[in-house]
Amino acid sequence: MPFRNKKYKYELAKSTDGKEISDLLEKTAFKGDISLIYSRRPNAVLSINKDCTASAVVVGREIETEKIKGIGVCQIYRMLVNGKYDNVAYLGGFRIDRDSCLNIVEAFKILENFIKKNNVKYTFTTILQDNIYAQKMLTKKRKIMPYYLKTADFTVNIFAKNLKHNSNHTCEKIKENEKPQLKKFIDFYSKEKTFFPEITDLDNFYVLKDNENNILACGNFWEQTDYKQLIIKKYSLKYKILKTVFNPVLNFFSYPKFPNENEIIKYETLSYVLYRDEKSLADFIKQMSNQIKYDFFVYGNTKELKEIKPPIKYKSFVYLVDWDKNIDIKDFNNIYMECALL
């Protein structure tokens, strides 16, 4: 049953709400030198359900007009927790129309019911570093809300294509006879990472190998722009100058070419990345930059990149959402965030 108050009702979205929810998502731009919009065209409900095992989209609907004035999203994945794959939920996509005053507690009640019904082990979320309002609102401890426990920093790094490298290692697509070796590598280097996603297909993986055929790093490129988009709403003055004056020579300085404002960005995400050491990771990123078809790609990580510096990056904080208020964050020291699933 939907929760109601005098002006709004709170309920799970239907697939027919997808276009309206997509439009609401695009009303909010995340501020910074590059103001970004996260979009889910053409149908947000279908998009949100694309990569997960189950999902719920809560909407706050104005009773008088039946218009959607706010949303909240929960997606469930199979991820590693204490060495075993379990149901893990990601909360995101919270948006409220500017002219509305919704009760977020009612939305959380529906999401909590959905999470418990699906036997979720843990719930996490991310909040952009610049989104101070959301941090203050959600991390304040209240009896009627789950606790938000900061557990890691998360950085999305933006790299240009065709980075120069000087390496004796080879980077190439996995061969059929190498898949057992890759499976062992993934199992070994992921076993102590919390929230590493379950992998069911190794066909599109690339591997970095030394001259003795040992795997040093692995990952794949994931393009999602047909159902999940990134749009640049506005550039700061600094980046407008860079775009106007220096776009023709940006590649020389390892900067990606800047798209136009209000343009859907064509990019790929370097995903499921595991590596033996920091130098192997830097080598892998540089060599993978020569495999992409667009002007740039993104890679997200929870540890500072020491051997390679991205020209552009933006930061978020990772929070555990503690519904029962009994989580010890000391147990979460090695968080993995898959950027393509956020």
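A. Quick look at the overall build of the chain. Secondary structure assignment for the chain yields 7 helices and 15 strands. For 342 residues, the compact-globule formula gives about 20 Å, and the C-alpha radius of gyration of the chain, at 21 Å, lands near that figure. A principal-axis box enclosing the C-alpha atoms of the chain has dimensions of 70 × 50 × 35 Å. When burial is assessed residue by residue, the chain has 53% of its 342 residues classed as buried.

B. Geometry of the side chain of Lys9. Checked against the element boundaries, Lys9 lands in strand 2 (residues 8-12). Residue Lys9 is classed as buried on the basis of its relative accessible area of 11%. Looking at Lys9, its side chain comes within polar contact range of the side chain of Glu66, at 3.1 Å.

C. Region of interest: helix 5 (residues 179-190). A rise of 1.5 Å per residue sets the reference length of helix 5, with its 12 residues, at 16 Å; its end C-alpha atoms lie 16 Å apart and thus fit the reference within 8%. Those residues of helix 5 lying buried are Lys179, Leu182, Phe185, Ile186 and Ser190. Buried residues in helix 5, looked at end-on, bunch into an arc of 115°, giving them a common side. Facing away from the buried side of helix 5 by more than 90 degrees, the exposed set consists of Pro180 and Lys184. Looking at the buried side of helix 5, the elements it contacts are strand 5 (68-81), strand 10 (206-209), strand 11 (215-222) and strand 13 (268-275).

D. Region of interest: unusual backbone geometry. For the peptide bond that leads from Arg41 to Pro42, omega is -5°, which places it in the cis range. Looking at where Pro42 falls in the secondary structure, it is placed in the loop between strand 3 (34-39) and helix 2 (44-48). The phi torsion at Asn162 lies on the positive side, around 55°, for a residue other than glycine. Here Phe195, not a glycine, exhibits a phi torsion of approximately 75°, which is positive. As for its placement among the helices and strands, Phe195 is situated in the loop between helix 5 and strand 10.

E. The arrangement of the pattern of salt bridges in detail. Applying the stated criterion across every chain, the model contains 23 salt bridges. The shortest N-O distance in the salt bridge between Lys9 and Glu66 comes to 3.1 Å. Remark: Glu66 occurs in the loop between strand 4 (54-62) and strand 5 and Lys9 occurs in strand 2; sequence separation between them is 57 residues. With relative accessibility at 38%, the residue Glu66 sits in the partly exposed group. Between Lys183 and Asp187 there is a salt bridge, and its shortest N-O distance comes to 2.8 Å. Of this pair, Lys183 and Asp187 both sit in helix 5, separated by 4 residues, roughly a single helical turn. Of the residues examined, Lys183 reaches a relative accessible area of 44% and is grouped as partly exposed. On the basis of relative accessibility, which here comes to 36%, the residue Asp187 falls in the partly exposed class.

F. Expanded view of the pairing of strand 7 (residues 122-128). Extensive coverage of strand 7 is indicated by the burial of 7 of its 7 residues. As defined by bridge partners, strand 6 (residues 84-96) adjoins strand 7 across 4 bridges and the pair is classed as parallel. Paired with Tyr90 across the bridge in strand 7 is Phe124. On the question of chirality, the crossover connecting strand 6 to the parallel strand 7 by way of helix 3 (residues 104-117) is right-handed. Bridge count between strand 7 and strand 15 (residues 312-322): 5 bridges; the pairing is antiparallel. When the sheet's bridge partners are listed, Ile127 is paired in strand 15 with Phe317.

Parameters at a glance
Residues numbered from 1 in each chain as written. Predicted model: local features only at pLDDT ≥ 70, side-chain atom pairs only at ≥ 80, totals over all residues. Heavy atoms only, no water. Helix = DSSP H or I, 4+ residues; strand = E, 2+ residues; numbered from the N terminus. Rg over C-alpha atoms; globule rule 2.2 N^0.38 Å. Buried < 20%, exposed > 50% of the residue type's maximum accessible area, 1.4 Å probe, protein only. Polar contact = N/O pair within 3.5 Å; in protein donor to acceptor, adjacent residues only side chain to side chain. Expected span 1.5 Å × (residues − 1). Arc of directions from axis to C-beta. Contact = heavy atoms within 4.5 Å. Salt bridge = Lys/Arg side-chain N within 4 Å of Asp/Glu carboxyl O. Pairing = 2+ DSSP bridges. Right-handed = clockwise from strand over helix to strand, strands pointing away.

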